[in-house]
Structure formats: C-alpha cells, structure tokens
Amino acid sequence: MPTAKFLHGPLWLLAELTYLCPLQCAYCSNPLDFSKYRNELNTDEWLSVLRQAREMGAAQLGFSGGEPLVRRDLETLVSHARELGFIPTF
Ligand code: SF4
C-alpha cells in the first residue's frame with residue numbers, strides 16, 4: 001500500500017502578491033480600501049520567499065491577489081520561479 005512518508009513540507013505555495021484589483025466582485029474577500037494597505041512585499045522579499053519555499057520542497061506555485069497582473073515585477077517573479085523549477089499558475 002502506498003504511503004505518504006516521502007511527503008514533507010509544503011508542496012504548493014499560493015503567493016498573494018497584492019490586494020489591488022480593477023474589478024469589484026461582490027463576493028470578493030480582499031479589502032477594497034487599498035490605500036490603507038501599503039505593506040506588500042517588495043520584489044526582493046518575494047524572490048526570497050520563492051527561494052525559501054522551493055528549499056522546503058514546494059513544487060507548484062500559484063500567483064494570486066487581488067489581481068497579480070497589476071504587479072510591475074510579475075515578469076521577474078515568474079521568471080525566477082521558472083528558474084527555481086516551480087510550476088507557476090495564475
Ligand atoms: S480579487 Fe478576485 S474576487 Fe476580488 S474583485 Fe478582483 S477578481 Fe474579483
């Protein structure tokens with residue numbers, strides 16, 4: 001019978017990059033008063049998070065938000081994720 005003994009640490013990282021989003025879905029759980037939230041991780045901090053997650057064994061990476069496409073550094077983050085061997089999704 002197969003066991004899960006080879007599993008350790010997180011297998012998936014959900015990176016909620018930002019609260020920002022151009023839409024206003026009624027069911028959204030993100031805050032709408034974006035101006036109060038100025039403590040998003042910067043590019044270097046996210047790159048560090050990606051490296052740490054990969055070192056812990058995470059293989060799949062979800063970029064989320066808010067709307068991750070509003071992050072100006074998204075290309076950098078996705079590129080680094082690919083270099084680390086992640087399977088990035090949105
Ligand atoms: S974050 Fe998602 S649920 Fe919220 S407003 Fe944007 S698209 Fe809609």
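As the structure is a prediction and not an experimental result, all values here were calculated from the model.

(A) Focus on the sheet that holds strand β3 (residues 87–89). The strand order across the open sheet formed by three strands is β1-β2-β3, and the pairing between neighbours is parallel. The sheet is open, and its two borders are formed by β1 (12–16) and β3, each paired with just one other strand. When the angles between neighbouring strand axes are averaged without regard to direction, this sheet yields 20°. As judged from the three bridges shared by strand β2 (residues 60–64) and β3, these two strands associate in the parallel manner. The partner of leucine 61 across the bridge, within β3, is proline 88. Its contacts with the sheet place helix α1 (residues 43–55) against β1 and β2, and it is angled at close to 170° to β1.

(B) The arrangement of the packing of α1 against helix α2 (residues 74–84) in detail. As a packed pair, α1 and α2 sit with axes 10 Å apart at the nearest point and diverge in direction by 20°. Relative to α2, the element α1 is oriented roughly parallel. Like other packed secondary-structure pairs, α1 and α2 cross with a definite hand, here right-handed. Contacts between α1 and α2 involve Thr43, Trp46, Leu47, Leu50, Arg51 and Arg54 on the former and, on the latter, Thr76, Leu77, His80, Ala81 and Leu84. Residue composition of the contact of α1 with α2, grouped by class: six nonpolar, three polar and two charged.

(C) Geometry of the site of the ligand. Close to the ligand lie Cys21, Leu23, Gln24, Cys25, Tyr27, Cys28, Asn30 and Gly66. Among the residues making up the shell around the ligand, the classes are represented as five nonpolar, three polar and no charged.

(D) Here's a closer look at the packing of aromatic side chains. Taken as a whole and assessed by the stated rule, the structure comprises one aromatic pair. Against the face of phenylalanine 86 rests arginine 54, its NZ or CZ located 5.6 Å from the ring centre.

(E) Layout of the side chain of histidine 80. Relative to the helices and strands, histidine 80 resides in helix α2. Overall, the relative accessible area of 17% leaves histidine 80 in the buried class. Of note is the side chain of histidine 80, whose polar atom sits 3.3 Å from the side chain of arginine 51. Apart from residues lying up to four places away in sequence, histidine 80 is in contact with Leu47, Leu50 and Arg51.

(F) Geometry of the nonpolar core. Formed by 14 residues in total, the largest nonpolar core has its most connected members in Leu17, Leu61, Phe63 and Phe86. Of all elements in the fold, only β1, α1, β2 and α2 reach the threshold of two or more residues within this core. The dominant element in this core, judged by the number of residues it contributes, is α1, at four residues. Once you skip the residues sitting within four places of it in the chain, leucine 17 turns out to touch Glu40, Trp46, Phe63, Ser64, Gly65, Pro68, Arg71, Leu74 and Leu77.

Conventions we followed
Residues numbered from 1 in each chain as written. Predicted model: local features only at pLDDT ≥ 70, side-chain atom pairs only at ≥ 80, totals over all residues. Heavy atoms only, no water. Pairing = 2+ DSSP bridges. Helix = DSSP H or I, 4+ residues; strand = E, 2+ residues; numbered from the N terminus. Axes fitted to C-alpha atoms, helices over the stretch in contact; angles between N-to-C directions. Contact = heavy atoms within 4.5 Å. Parallel < 35°, antiparallel > 145°, perpendicular 65-115°, else oblique. Left-handed = near helix turned anticlockwise from the far one by under 90°. Nonpolar A, V, L, I, M, F, W, Y, C, P; charged D, E, K, R; others polar. Near = heavy atom within 4 Å. Phe/Tyr/Trp six-rings, centres within 6.5 Å; stacked < 30°, edge-to-face > 60°. Lys NZ or Arg CZ within 6 Å of the ring centre and 35° of its normal. Buried < 20%, exposed > 50% of the residue type's maximum accessible area, 1.4 Å probe, protein only. Polar contact = N/O pair within 3.5 Å; in protein donor to acceptor, adjacent residues only side chain to side chain. Core = buried A, V, L, I, M, F, W, Y, C linked by side-chain atoms within 4.5 Å.

Limitation: the analysis is restricted to geometry and does not speak to function.
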